[in-house]
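Summary of structural features
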There are 2 protein chains.
Amino acid sequence: MYEGAVQELIDEFGRLPGIGPKSAQRIAFHILEADREDMNRLADAIRVVKDKVKFCSICFNVTEQETCSICRDPKRDETVLCVVEESKDVMAVERTRSFRGRYHVLGGSINPIGGVGPDQLHIRELLGRLNDEKIQEIIIATDPNLEGEATATYLGRLLSTIGIRVTRLASGLPVGGDLEYADEVTLGRAFEGRRTLNS
Amino acid sequence: MYEGAVQELIDEFGRLPGIGPKSAQRIAFHILEADREDMNRLADAIRVVKDKVKFCSICFNVTEQETCSICRDPKRDETVLCVVEESKDVMAVERTRSFRGRYHVLGGSINPIGGVGPDQLHIRELLGRLNDEKIQEIIIATDPNLEGEATATYLGRLLSTIGIRVTRLASGLPVGGDLEYADEVTLGRAFEGRRTLNS
């Protein structure tokens with residue numbers, strides 16, 4: 001629709017996740033009118049991230065060095081490993097400030113329809129770490145959806161024979177939520193996972 | 001939260017319109033995992049648009065040349081001028097395929113709270129065109145919101161003495177809409193602008 005460079009920019013932005021044609025157009029016109037310096041910084045940030053950022057050779061979290069800041073930190077508990085799908089999930093767990101162990105990023109979840117099987121995930125590397133490191137508990141923190149549950153079940157079975165405690169994050173009612181608005185599956189899980197109050 | 005380059009990319013994307021922190025994070029991780037070639041194309045598109053794209057010296061539409069493709073087109077009707085707020089609006093009108101005249105892009109709308117007065121818009125240049133070109137009708141196609149209406153009223157008064165016909169796009173019910181769901185202002189406008197069917 002537009003002339004050359006503007007349309008190209010709209011097309012490039014339209015390919016990013018969560019950006020529809022209208023948003024892409026809005027962003028392109030913002031860029032057109034924005035300060036040149038600011039926009040060069042944006043363009044550079046894209047290039048720099050592709051050049052500098054790698055995945056940690058131990059846990060596959062994002063890093064600019066050989067290993068990530070968590071794997072390098074000697075104060076983190078080496079006996080507990082939290083298995084997550086993505087680097088984003090590492091950050092989500094870190095924000096809770098309630099976990100002081102280390103991580104293993106699978107790089108996704110088992111999704112037969114999307115063509116992702118266990119071989120496409122960093123599961124072999126996880127098994128390698130269990131041999132080398134003194135891990136006593138593995139907390140499986142994959143997403144509470146179909147693929148995440150399938151991945152958790154797969155890992156649970158795979159790890160059942162190695163003599164390490166394997167746990168899964170609790171499912172239940174979100175804190176601050178309203179029981180009335182909880183979906184049936186969540187409410188069902190909350191019942192299954194109910195805790196005794198009068199010990 | 002993240003290490004250097006990743007956080008920088010998230011920050012840069014978070015500054016774009018319509019992209020919140022969660023979307024910015026999602027896009028940054030998409031870029032991390034995407035093909036390097038594709039991401040270089042995105043970075044280049046941002047730079048190229050800042051380098052190549054200018055505003056038409058006649059109508060202020062976006063262009064890569066001195067004047068835009070519409071101003072250069074000898075087949076466009078030189079006697080009718082459609083005044084819009086933004087280049088995006090030019091495209092919106094073009095998509096209707098019902099206007100064959102030329103445009104004038106104001107570069108915004110009058111918004112006293114946002115600090116945009118008539119002097120910040122390309123109104124002086126519009127008056128210049130009325131002297132130089134053989135324009136017989138000016139269609140004011142600013143947005144049907146507070147700022148757009150204020151701009152239309154301002155232009156209507158400014159142009160009332162020059163002996164050129166000045167019109168405003170009709171307000172009314174959107175085609176395909178439902179009368180029941182129309183807001184009162186729109187429905188009121190539809191009444192005001194009602195047409196006689198039995199001539």
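Before any of the text, the structure's been laid out above.
The following paragraphs examine the structure supplied in this document. (Residues numbered from 1 in each chain as written. Chains lettered and ligands numbered in written order. Predicted model: local features only at pLDDT ≥ 70, side-chain atom pairs only at ≥ 80, totals over all residues. Heavy atoms only, no water.)

**Focus: the interface of chain B and chain A**
Taken together, the 53 residues of chain B in the interface contact 53 residues of chain A. Roughly 5200 Å² of surface becomes buried between chain B and chain A when both sides are summed, with 64% attributable to carbon and sulfur atoms. Among the residues of chain B in contact with chain A, Glu3(B), Ile46(B) and Lys50(B) are the three that bury the most area, contributing 13% of the side total. Here chain B and chain A share 6 salt bridges between them. Asp51(A) serves as the salt-bridge partner of Arg36(B), at 2.6 Å between the closest nitrogen and oxygen. Seen at the junction of chain B and chain A, the total is 18 residue pairs in polar contact (both at pLDDT 80 or more). (Contact = heavy atoms within 4.5 Å. Buried area = accessible area lost by both parts, 1.4 Å probe. Salt bridge = Lys/Arg side-chain N within 4 Å of Asp/Glu carboxyl O. Polar contact = N/O pair within 3.5 Å; in protein donor to acceptor, adjacent residues only side chain to side chain.)

**A look at the packing of helix 3 (residues 36–52) of chain A against helix 1 (residues 4–14) of chain B**
Contact pair helix 3 of chain A / helix 1 of chain B: the axes reach a minimum separation of 9 Å and the direction vectors enclose 145°. Between helix 3 of chain A and helix 1 of chain B the crossing geometry is left-handed. Residues Asp38(A), Arg41(A), Leu42(A), Ala45(A), Ile46(A), Val48(A) and Val49(A) of helix 3 of chain A pack against Ala5(B), Val6(B), Leu9(B), Glu12(B) and Phe13(B) of helix 1 of chain B. Among the residues making up the contact of helix 3 of chain A with helix 1 of chain B, the classes are represented as 9 nonpolar, no polar and 3 charged. (Axes fitted to C-alpha atoms, helices over the stretch in contact; angles between N-to-C directions. Helix = DSSP H or I, 4+ residues; strand = E, 2+ residues; numbered from the N terminus. Left-handed = near helix turned anticlockwise from the far one by under 90°. Nonpolar A, V, L, I, M, F, W, Y, C, P; charged D, E, K, R; others polar.)

**Details of the pattern of salt bridges**
Scanning the model with the defined rule gives 26 salt bridges over all chains in all. The salt bridge involving Glu64(B) is made with Lys52(B); its shortest N-O contact spans 3.9 Å. Of this pair, Glu64(B) sits in the loop between strand 2 (62–63) and helix 4 (69–72) while Lys52(B) sits in helix 3 (residues 36–52), placing them 12 residues apart in sequence. One salt bridge connects Arg129(B) with Glu133(B), and the closest N-O pair in it is separated by 2.9 Å. Judged by relative accessible area, which is 22%, Glu133(B) ranks as partly exposed. Salt bridges linked by common partners bring Glu12(A), Arg15(A), Asp38(B) and Arg41(B) together as one network. (Buried < 20%, exposed > 50% of the residue type's maximum accessible area, 1.4 Å probe, protein only.)

**Side note on the sheet that holds strand 4 (residues 102–105) of chain A**
Residue and element names in this part refer to chain A. Spatial strand order, 4-3-5-6: 4 strands in an open sheet with parallel pairing. Both edges of this open sheet fall to strand 4 and strand 6 (165–168), since each of them pairs with a single strand only. Pairwise comparison of adjacent strand axes, ignoring direction, gives a mean angle of 25° for this sheet. With 4 bridges connecting them, strand 5 (residues 137–140) and strand 6 associate as parallel partners. In the strand pairing of strand 6, Ile 140 is matched with Arg 168. (Pairing = 2+ DSSP bridges.)

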